[in-house]
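Chain and residue survey
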Amino acid sequence: CSAEIAALDELSISFTVAKAAMGASIAVMASNDIVSQFLVTSGKWEQSETVKAFQEYDVVMQQKAKGTCAQPPCVDKVFLDVGANLGTWTFYAALHGYHTVSVEGSPPNFALLQLSKCLNPDLAPRINFVDSFVNEGSEHCLVVCDLANQGDVTLNCKAEEWTEPAMTAYKAEFTKHNRNVRLTRTMTRQLDTIIAQVLEEHPNFPNVFHGMKIDIEGSELMAMRGAPKLLAGQGAAELPIIFSEVWYHIRGGPQPDAYFQLMRAAGYELRDPSCLWVWFAEQDAATLARIMKNGIENVCFVKKGSIPAPVPQPPPEVALPPPVVPAPVPVPEPAPVPVPVPVPAPVVLAKHERHITDAERQTCSAEIAALVGLNIEYAIVKTPLGISLAVMRGNDIVSKALLEYGQWEHPDTVQAFEAYNRAVEHREKGTCAQPPCVDKVFLDIGTNLGTWSFYAALQGMHTVSVEGSPPNFALLQLSKCLNPELAPRINLVDSFVSEGSEYCLVVCDLANQGDVALNCQAEEWTEPAIDSYKAEFTKHNRNVRLTRTTTKRLDDIVAQVFQEHPNFPNVFRGMKIDIEGSELMAMRGAPKLLAGQGAAELPIIFSEVWYHIRGGPQPDAYFQLMRAAGYELRDPTCKNVWPAEQDPATLNRMKRTLIENVCFVKK
């Protein structure tokens, strides 16, 4: 794949390769892209209900007519992917035997798609890429790329050409709202034109297109207005189903109702994301109210008569009674006319989100008040393990993963933790200053939203959970309140961790607010120094919030824990540390902990390691420190030892991936 990699190098794109849950290898961006982050951490991106709908639709389509083509033998089935992004739909369809027409205009995304195609030679013959943006007609368009989420681009099109002053004024609107964007002029094509070219280039493609997904960030209506032949079945005799994203402030029309009207006029039913339930025109007001609240919605458009709903339709929403106007009576003042009470739009929750109960609101009122005081909008996630976690709404990647998938940590790491927990069950429990001693204690340094802490507590461990970010700490306190059966085992420490007495800045990227980092130095951070440091981020199109903070040494935190909890044993069962590149600084401030002074044993440490690590030139300084303390370096499963001779290869790999999860195991 040297040509594909060279194309990425030419675009200055740092990439890595994710092994998707479906089995395909997907090339993704190494940083500043939400879809890439999800694929690396969870192996998937699309909502599970939409994937399930696609599977059921595929079964139905297997029995339908294959169609005819200009040059037999015809291929069986073709799927259109408009706004392919990194190809999750494309490769999933190809795995199901579809030939795909995958349309993507973003140069970085298109280059990554080309590499993904090369990495999947068994699927490549069925994948056909079209390098183009899609639009209604001949407007002049700008590509808007938010540099905090670079794979997700949008179009802004108008009749007259975009002049430099107009672009400058438009960019200023984003700057006003603390968003850094890159604007570039672009050419677009009509979807009907693309389809005509595809049928000409692939005469073995049938005149039955089996379905389409369209997700182009609010430009869906513009694209479909440029596809009258496709919707009418001229050139493609059938397009039974369209999986579509819908934005509230849709471009090319006042609201999504213009999109709904266009599709209904073309003979399509509007259905929910599962493609089971029809949303009738009478329900549009409630649907629009819900989309206005969420900002976005996934829907299905199904050609009437092509795919019957597999289950009975739900009863329609109860219509409001008309105002009752009393008959005139011979009295001076007629009776007042009753005013109907408006029915609130149903609240649509994320897949793993749940409502907070009235009882919880009362019990956890202090924790909720703390979040309100910090202006944090929160949601509650119910994980597959039954734990309730408070998360952020909005700009936080971990929160989004928990809301959609119910998990965050890599499966290899979770499996390693479970195996480790079984292994230490029969070890010496240790002694404590004030018996009876608790069985086992786990340290969680950089707790974030608590996925490790609450999982450890569920495994029967007492936790010492250290988190310095005020928003994250407030969310952790609410999570603790929401899990009263686990709360006695959760001990939260409100602190950042560092090597010693440095002066530190907290760096919060406003595109991913739960993920903060430290920058520490020997001298105090002056205002000019802070301004100069912030300018470095601005230069790279990143919006950050910088605040001074105090830190504690890990040895001091552990000593304080023993003082406050005399029933904690002198055997610490293990530790997880994930503090965004400051791991080496933290461990340099924990010589007693690593030597077993105060905690007689710390057998295993699950650690994140950054390539450009703070406090040392590269991760090899971290590896050397831990080996000197008597630890082996192992892979994320904790099974395979990485000896010092392998460090050059490990560092070379990290130079591309930037981040690595490792285990340090006491020899």
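Residues numbered from 1 in each chain as written. Predicted model: local features only at pLDDT ≥ 70, side-chain atom pairs only at ≥ 80, totals over all residues. Heavy atoms only, no water.

Focus on the overall build of the chain
Quick reminder of the rule: Note on conventions: DSSP H or I runs of at least 4 residues are helices, E runs of at least 2 residues are strands, and numbering of each starts at the N terminus. Only protein chains enter the accessibility calculation, which uses a 1.4 Å probe; a residue whose area is less than 20% of its type maximum is buried, one above 50% is exposed, and one in between is partly exposed.
Counting its regular elements, the chain contains 23 helices and 29 strands. When the 667 residues of the chain are sorted by exposure, 49% land in the buried category.

Regarding the side chain of Ser453
As a reminder, the rule being used: Two N or O atoms form a polar contact when they lie within 3.5 Å of each other; inside protein one atom must be a possible hydrogen donor and the other a possible acceptor, and for residues adjacent in sequence the pair counts only when both atoms belong to side chains. Contact criterion: two residues are considered in contact whenever any of their non-hydrogen atoms come within 4.5 Å of each other.
The residue Ser453 is located in helix α16 (residues 451–458) in this model. At a separation of 2.6 Å, a polar atom in the side chain of Ser453 contacts the side chain of Ser465. Excluding its chain neighbours within four sequence positions, the residues that come into contact with Ser453 are Asp444, Thr447, Thr463, Ser465 and Ile490.

What about the side chain of Arg354?
Looking at the element boundaries, Arg354 is found in strand β15 (residues 353–354). At 2.8 Å, the side chain of Arg354 and the side chain of Glu360 are in polar contact. Among the polar contacts made by the side chain of Arg354, one reaches the side chain of Ser388 at a distance of 3.1 Å. Every residue in contact with Arg354, bar those within four places of it in the chain, is listed here: Leu349, Glu360, Ile380, Lys382, Ser388 and Leu482.

So, the environment of Arg542
With respect to the helices, strands and loops of the structure, Arg542 is situated in the loop between α18 (527–539) and β24 (544–549). Along the sequence, Arg542 and Asn180 sit 362 residues apart, while their C-alpha atoms lie 6.7 Å from each other. Not counting the four nearest positions on each side in its chain, Arg542 is found in contact with Asn32, Asn180, Asp509 and Phe537.

Side note on the state of the cysteines
Joining two cysteines, a disulfide is a covalent bond between their sulfur atoms. Selection rule: Here, two cysteine sulfur atoms that lie within 2.5 Å of each other are counted as a disulfide.
For the coordinates displayed, the defined rule picks out six disulfides. The disulfide that involves Cys141 links it to Cys157, with 1.9 Å between the sulfurs. Disulfide Cys141 to Cys157: torsion about the S-S bond roughly 110 degrees, handedness right-handed. One end of the pair, Cys141, is in strand β7 (residues 140–146); the other, Cys157, is in strand β8 (residues 153–158), and 16 residues separate them in sequence.

With respect to the nonpolar core
Let me state the cut-off plainly: By convention a nonpolar core is built from buried Ala, Val, Leu, Ile, Met, Phe, Trp, Tyr and Cys residues, the set being connected through side-chain atoms within 4.5 Å.
Core analysis: the largest hydrophobic core is formed by 38 residues, its most contacted members being Ile445, Met575, Ile577, Met587, Leu593, Ile605 and Phe664. Residue contacts for Ile445: discarding those within four places in its chain leaves Val466, Val497, Leu554, Met575, Lys576, Ile577, Asp578 and Ile579.

Some remarks on the pattern of salt bridges
We apply this condition: Think of a salt bridge as a Lys or Arg side-chain nitrogen and an Asp or Glu carboxyl oxygen that are within 4 Å of each other.
Going through the model one piece at a time under the given rule, you end up with 12 salt bridges. As a salt-bridge pair, Arg393 and Glu377 come within 3.9 Å of each other at their nearest N and O atoms. Note that Arg393 is positioned in the loop between β17 (388–392) and α14 (397–405) and Glu377 in the loop between α13 (365–373) and β16 (378–382), a separation of 16 residues in sequence. Look at Glu377 and you get exposed, because its relative accessible area is 54%. Beyond isolated ion pairs, a larger network of salt bridges with shared partners links Glu353, Glu377 and Arg393.

Description of the packing of aromatic side chains
Worth spelling out the cut-off: Each aromatic pair joins two rings of Phe, Tyr and Trp (for Trp, the six-membered one) with centres within 6.5 Å, and gets the label stacked for planes under 30 degrees apart, edge-to-face for over 60, and tilted for any other angle.
A full pass over the atoms with the stated rule returns 14 aromatic pairs. Between Phe442 and Trp452, the aromatic rings sit 5.9 Å apart at their centres with planes inclined by 0 degrees, giving stacked as the arrangement. Placement of Phe442 in strand β18 (residues 441–445) and of Trp452 in helix α16 is noted, with a sequence separation of 10 residues between them. The same class applies to Phe442 as to Trp452, namely buried.

Just distances and angles here, no functional claims.
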